[in-house]
Amino acid sequence: MNNFLKILQDKDHILADGATGTNLFEMGLETGDPPEPWNLDYRDRIRSLHQGFVDAGSDLFLTNSFGGTSFRLKLHNLESRVFELNKAAGTVAREVADRADRLVIVAGSMGPTGEMIEPHGLMTSAEATEAFKAQAEGLAEGGVDVLWLETMYSMEELEAALDAVKDIGLPVCATMSFDTAGKTMMGITPANLALRSKEFNLAGFGANCGVGAPDLLATINDISRNVESGTVVISKANCGIPQFHDGKILYSGTEKLMADYVQIAMNSGAKIIGGCCGTTYAHVRAMRKAMDQHQVTLPPTLAEIEKRVGVMSDGSRAIFKGDDSKPTKERRSRRSRS
């Protein structure tokens, strides 16, 4: 059985990793430089990044390949190295996972192209599909367990990516990024994603990045209300809000905040929970402890979320439906079946 499908079967909840980019900045990556060449040029640093999350307790971590399509790599004259760099991302990650003393999943990160599909932009659906397919083939050759489409904002681009990976032979997960309006940049709501996901045959889906834990939790609750029991919902929140200090971008989220976020995400229906931008090994250690100690209860109220992890934006409150009363009968029923 595929490792990812096995861990879904074996565990009620799965702890994902934290940030790739913001942690690589601490290792010397310069702003504006692509991290993907580091899979070959600074292999020990990428190995250290992955090992740090495994040691902190992650059950699943993402490869260093977020910008690994030809469209992104072309910005750095690396478009001819798509297969090579993505295979290297999978290979170094596979080495770390295989050395672990437990089952650890390697997820092949595939971010958006950075282009927009016509008529909103110049990229065609066929071009997007071709780019994603080349990336996926490299990741698969490198040994990833699951393909992980992340930070998507356009349904058209997500569809192109799904078309690209349908014959790779690996499970596929997808997450979209939602802003303070409670929608993606292209106007997709969490409920839209939940309803469309039924057509996509995904192994899991949900939300990542965005604004911060409160807004992402609103998204997860809206998704969970619109899926059937047993659906694998993914939650990967940024570690607070980015702030500038001494020329560096630092994220405001504390270890306690991210621990509280994990427990609320579990209550909100998420099965795979991790951190996104700003999430360090220390945060993940606290998240591991919080996950292991928590027993799932009823979905959270608005008041509980805002008390424990911060105030939502108005758009996210609308997505959450502004309901800080007791969960409805429908929501209690859904939770009791899960």
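J.: Can you walk me through the layout of surface pockets in this structure?
T.: Remark: the empty space left among the atoms is shown by a probe the size of a water molecule rolled over them. Considered as a void within the structure, the largest pocket measures approximately 1,200 Å³ in volume. Along the walls of the largest pocket sit 48 residues, with Thr20, Gly21, Thr22, Phe25 and Cys277 positioned nearest its centre. Contributing elements (two or more residues each) for the lining of the largest pocket: α2 (21-26), α5 (70-73), β4 (146-152), β6 (204-209), β8 (242-245) and β9 (248-251). The leading source of residues in the lining of the largest pocket is α2, at five residues. For the lining of the largest pocket, the per-class residue count stands at 17 nonpolar, 22 polar and nine charged.

J.: Explain the pattern of salt bridges to me, please; I cannot follow it from the model alone.
T.: Should their charged atoms come close, side chains of opposite charge can pair. For the structure shown, the criterion picks out 20 salt bridges. Of the charged contacts in the structure, one is a salt bridge between arginine 43 and glutamate 95, with a shortest N-O distance of 3.1 Å. Within this pair, whereas arginine 43 is found in helix α4 (residues 43-56), its partner glutamate 95 is found in helix α6 (residues 82-99), the two being separated by 52 residues in sequence. The salt bridge involving arginine 308 is made with aspartate 260; its shortest N-O contact spans 3.0 Å. Of this pair, arginine 308 sits in helix α13 (residues 302-309) while aspartate 260 sits in helix α11 (residues 255-267), and the two are 48 residues apart along the sequence. In this structure aspartate 260 comes out as buried when scored by relative accessible area, which is 10%.

J.: Before we go on, may I ask you to explain the sheet that holds β4 in this structure?
T.: By definition, the strands of a sheet pair up through backbone hydrogen bonds, in either a parallel or an antiparallel sense. With parallel pairing, eight strands are arranged side by side in an open sheet as β1-β10-β7-β6-β5-β4-β3-β2. The sheet is open, and its two edges are formed by β1 (14-15) and β2 (60-62), each paired on a single side. As defined by bridge partners, strand β3 (residues 105-110) adjoins β4 across four bridges and the pair is classed as parallel. Among the inter-strand pairings, serine 109 is bridged to a residue of β4, identified as tryptophan 148. Contacts between helix α7 (residues 125-142) and the sheet are confined to β3 and β4, with β3 contributing the most and set at about 160 degrees to the helix. Lying on the sheet, helix α8 (residues 155-165) is in contact with β3, β4 and β5 (172-176); it crosses β4 at an angle near 170 degrees.

J.: I would appreciate a short explanation of the environment of leucine 302 in the present structure.
T.: Considering the arrangement of structural elements, one finds leucine 302 in helix α13. C-alpha of leucine 302 to C-alpha of proline 214: the two residues are 88 residues apart in sequence and 9.2 Å apart in space.

J.: What should I look at first to understand α4 in this one?
T.: One full turn of an α-helix is made of 3.6 residues, so residues set three or four places apart face in the same direction. Taking 1.5 Å of rise per residue, the 14 residues of α4 would be expected to cover 20 Å, and the 20 Å separating its terminal C-alpha atoms lies within 8% of that figure. Within α4, burial applies to Ile46, Arg47, Leu49, His50, Gly52, Phe53, Val54 and Ala56. Its buried side turned inward, α4 meets α2, α3 (38-41), β2, α6 and α12 (281-293). Phi turns positive, to about 120 degrees, at glycine 57, one or two residues after α4.

J.: Help me understand the nonpolar core, please; the structure alone is not making it clear to me.
T.: Judged by nonpolar contacts, the single largest core of 74 residues is most densely connected at Leu149, Leu158 and Tyr261. Other than its neighbours up to four places away in sequence, leucine 149 contacts Met110, Leu158, Ala161, Leu162, Val172, Cys173, Ala174 and Thr175. One finds Leu8, Ile105, Val146 and Val232 within the second-largest nonpolar core, a separate group that totals 16 residues.

J.: Looking at this structure, how should I read the packing of helix α9 (residues 190-200) against helix α10 (residues 213-224)?
T.: Packed helix pairs are characterised by how far apart their axes lie and by the angle those axes make with each other. Running from N to C, α9 and α10 point in directions that differ by 40 degrees, and their axes come no closer than 8 Å. Taken as axis vectors, α9 and α10 run oblique relative to one another. Read as a crossing pair, α9 and α10 show a hand that is right-handed. In contact with Pro190, Ala191, Leu193 and Ala194 of α9, α10 contributes Thr219, Asp222 and Ile223. Of the residues belonging to the contact of α9 with α10, the class tally is five nonpolar, one polar and one charged.

J.: Can you help me understand the packing of aromatic side chains in this one?
T.: Using the criterion set out here, one finds two aromatic pairs in the structure. Taking 4.9 Å as the distance between ring centres and 55 degrees as the angle between the ring planes, the aromatic pair formed by tryptophan 38 and tyrosine 42 counts as tilted. Judged by centre distance (4.9 Å) and plane angle (75 degrees), the ring pair of phenylalanine 53 and tyrosine 281 falls under edge-to-face. In this pair, phenylalanine 53 is assigned in helix α4 and tyrosine 281 in helix α12, connecting sequence segments 228 residues apart. Classification of phenylalanine 53 as buried rests on a relative accessible area of 1%. A residue is classified by how much of its surface remains accessible, and tyrosine 281, at 23% relative accessible area, is partly exposed. The side chain of arginine 45 reaches across the aromatic face of tryptophan 38, ending 5.0 Å from its centre. The ring of phenylalanine 320 has arginine 225 sitting right over it, with the charged end atom 5.8 Å from the ring centre.

J.: Explain α7 here, please?
T.: Compared with an ideal rise of 1.5 Å per residue, which puts 18 residues at 26 Å, α7 spans 26 Å between its outermost C-alpha atoms and is within 8% of the ideal. Regarding α7, the residues found buried are Ala128, Thr129, Ala131, Phe132, Gln135, Ala136, Gly138, Leu139 and Gly142. Packed against the buried residues of α7 are α5, α6, β3, β4 and α8. Looking at the residues trailing α7, positive phi occurs at glycine 143, about 105 degrees.

Calculation rules
- Residue positions are counted from 1 within each chain, in the order its sequence is given.
- The model is predicted, so local features are restricted to residues of pLDDT at least 70 and side-chain atom pairs to those at 80 or more, both for listing and for counting; the totals for chains, interfaces and linings are taken over all residues.
- Values shown for side chains rest on all heavy atoms present in the structure; no hydrogens or waters enter the calculation.
- Only protein atoms enter the 1 Å grid used here. Points where a 1.4 Å probe fits but cannot escape make up a cavity, open sets with protein on both sides within 12 Å along at least five of seven lines make up a pocket, and a residue lines them when an atom lies within 4 Å of a point.
- Grid points are joined across faces, edges and corners, and a volume is the space filled by probe spheres set on the points.
- Elements are defined by DSSP. Helices are runs of H or I of four residues or more, strands are runs of E of two residues or more, and each kind is numbered from the N terminus.
- Side-chain classes are defined by residue name, with Ala, Val, Leu, Ile, Met, Phe, Trp, Tyr, Cys and Pro counting as nonpolar, Asp, Glu, Lys and Arg as charged, and the others, Gly among them, as polar.
- When a carboxyl oxygen of Asp or Glu lies within 4 Å of a side-chain nitrogen of Lys or Arg, that pair is called a salt bridge.
- Only protein chains enter the accessibility calculation, which uses a 1.4 Å probe. A residue is then buried if its area is under 20% of the maximum for its type, exposed if over 50%, and partly exposed in between.
- Only when DSSP finds a minimum of two bridges between them are two strands counted as paired.
- Any two residues whose heavy atoms approach within 4.5 Å at even a single point are treated as in contact.
- Here the axes come from fitting lines to C-alpha atoms, over the contacting stretch only for helices, and the angles between their N-to-C directions go from 0 to 180 degrees.
- In this scheme, a helix's expected span is set at 1.5 Å multiplied by one less than its residue total.
- To form a nonpolar core, buried Ala, Val, Leu, Ile, Met, Phe, Trp, Tyr and Cys residues must be joined to one another through side-chain atoms within 4.5 Å.
- With respect to orientation, any angle under 35 degrees is reported as roughly parallel, any angle over 145 as roughly antiparallel, any angle of 65 to 115 as roughly perpendicular, and every other angle as oblique.
- With the far helix as reference, a near helix turned anticlockwise by less than a right angle produces a left-handed crossing, and one turned clockwise produces a right-handed crossing.
- In this scheme Phe, Tyr and Trp rings, the latter by its six-membered ring, pair at centre separations within 6.5 Å, and the angle between planes marks the pair as stacked below 30 degrees, edge-to-face above 60, and tilted otherwise.
- The criterion for a charge sitting over a ring is simple: Lys NZ or Arg CZ within 6 Å of the ring centre, and within 35 degrees of the ring normal.

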